[in-house]
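Chain residues, written in single-letter form:
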Amino acid sequence: MLARGFLRDNPVRSLLHGSIFAGVCRQLRCPSVAGRTMRAIADLLLRVPLKKSDFHYDLPAELIAQAPLPERSASRLLLVPPAPGALQDAHVRDLSALLREGDLLVFNDTRVIPARLFGQKATGGRVEILIERLLGAQQARAQVGASKTPKPGSRIALDAGGEVEVLGRDGEFYVLQFHVPEALEQWLLHAGRLPLPPYIQREPGLDDRERYQTVFAREIGAVAAPTAGLHFDDALLAALQAKGVGFGHVTLHVGAGTFQPVRADDLKDHVMHREWLNVGAELVQQVRRTREAGGRVIGVGTTVVRALESAMRDGELLPFAGETQIFITPGYRIRSVDAMVTNFHLPESTLLMMISAFAGKERVFEAYRHAIEQRYRFFSYGDAMLLFPQG
């Protein structure tokens, strides 16, 4: 059964929502319409630890999309306005009617590299390598799957030709030196295999090399696609542009850590993975002009929101390039966007926690219940939501 709303299930917050809430508001002379103020005060008075299990839901396996639809923008779109607005079923191609002239869509222009390689140790043992990040100088940080932990100095003969030397560890990853005949970035384009997510239970095909990339991908470096962007095709972009919707771009190279499960049940013990991003000065100016003109900033995917929130300083968006480990959970206020286009995310995932911070956990889980009942398609090749913040 889907988890219910946190306020409804948690007796401490339920108590605060009643008499204690009211007493505090009387002392602080809150306005009579201050339901939101009361909830904020309660959260400040007593922070109840968030648990991974608070974000569990059951999903029928047949709703996990195993392949993309023939047409990108034919995916379904669930419109989720602030409560108590009604949920609405639409399609991604309807965005040109749902958005307004003067709105700004912000995309992640990262490009997925064929980051999965296979090889063999000198002892004969098979090895699987998933590159997490290109480091320059023919080096990469990677996950290495082998029957025994490879030692520094050991070498791996690659099935695609060339070899890899293990230089050492970097946390849960390995630092590898590649000995291949081309620049590593170019060599991977023909030697590597596309790293489809583990819940897609098939081998990647030729179509995936196109469909697991956005049409605006240009900055090479991700090992997973910014999946909300997969829904946009040239026809939809042209219709949005004709409507007067603006486009901006950030870069966030999605790392292998995005597939890592949250292992700690108490979320304060979770260590978020690192990802590299760039929010440029041009995008910052686009956001400022949009807001000054009364337009809305709409992040296409959680990676865009993660990048923009990492670039916020004292409530202001500023240019920033570097790594982020930001972990957004309910209680955090997302200020950088006014709406999000986002896919449906895995149970207990950091992405589900982020959108719950944006739209409210109870509202998000209401939308997920609706999506399951209406047989929406989930995860990377699945359908999407247009999500607005809680009131």
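Heads up: the structure comes first, above all this text.
The sections below set out a description of the structure shown in this document. Not measured: the values here are computed from a predicted model.

**Thoughts on the sheet that holds strand β8 (residues 155-158)**
- The strand order around the closed barrel formed by six strands is β5-β6-β7-β10-β9-β8, and the pairing between neighbours is antiparallel. Taken over all neighbouring pairs, the strand axes of this sheet differ in orientation by 45° on average, direction set aside.
- For strand β9 (residues 163-170) and strand β10 (residues 173-179), the ladder comprises seven bridges, and the chain directions are antiparallel. Paired with E165 across the strands is Q177, a residue of β10.

**With respect to the pairing of strand β5 (residues 116-121)**
- In this sheet, strand β6 (residues 126-136) lies alongside β5 in antiparallel orientation, the contact comprising five bridges. Within the sheet, the bridge partner assigned to G119 lies in β6 and is V127.
- The loop that links β5 with its antiparallel partner β6 comprises four residues; one of these, G124, has a positive phi angle of about 100°.
- Here three bridges tie β5 to β8, and the two strands are oriented antiparallel to one another. Note on β8: the bridge partner recorded for K121 is I156.

**Considerations on empty space enclosed by the protein**
- Evaluation of the coordinates by the stated rule reveals one cavity of 30 Å³ or more.
- Roughly 80 Å³ of volume is contained in the largest cavity.
- P68, L69, E71, R72, S75, R211, L230, H231, S380, Y381 and G382 together form the lining of the largest cavity.
- Per-class residue counts for the lining of the largest cavity are four nonpolar, four polar and three charged.

**Brief notes about helix α8 (residues 281-292)**
- The terminal C-alpha atoms of α8, which comprises twelve residues, lie 17 Å apart, in line with the 16 Å expected from a rise of 1.5 Å per residue.
- Every buried residue of α8 is accounted for by L283, V284, Q286, V287 and T290. The buried residues of α8 occupy an angular sector of 160° when the element is viewed end-on, so they sit on one face. Among the exposed residues of α8, those oriented more than 90 degrees off its buried face are E282, R289 and E292.
- Structurally, α8 contributes buried residues whose contacts are with β3 (104-108), β12 (246-253), β13 (275-279), β14 (297-300), α9 (302-310) and β16 (316-317).
- Looking one or two residues past α8, G294 carries a phi angle of roughly 85°, positive in sign.

Conventions we followed
Residues numbered from 1 in each chain as written. Predicted model: local features only at pLDDT ≥ 70, side-chain atom pairs only at ≥ 80, totals over all residues. Heavy atoms only, no water. Pairing = 2+ DSSP bridges. Helix = DSSP H or I, 4+ residues; strand = E, 2+ residues; numbered from the N terminus. Axes fitted to C-alpha atoms, helices over the stretch in contact; angles between N-to-C directions. 1 Å grid on protein atoms, 1.4 Å probe; cavity = no way out; pocket = protein on both sides within 12 Å on 5 of 7 lines; lining within 4 Å. Points joined across faces, edges and corners; volume = space filled by probe spheres on them. Nonpolar A, V, L, I, M, F, W, Y, C, P; charged D, E, K, R; others polar. Expected span 1.5 Å × (residues − 1). Buried < 20%, exposed > 50% of the residue type's maximum accessible area, 1.4 Å probe, protein only. Arc of directions from axis to C-beta. Contact = heavy atoms within 4.5 Å.

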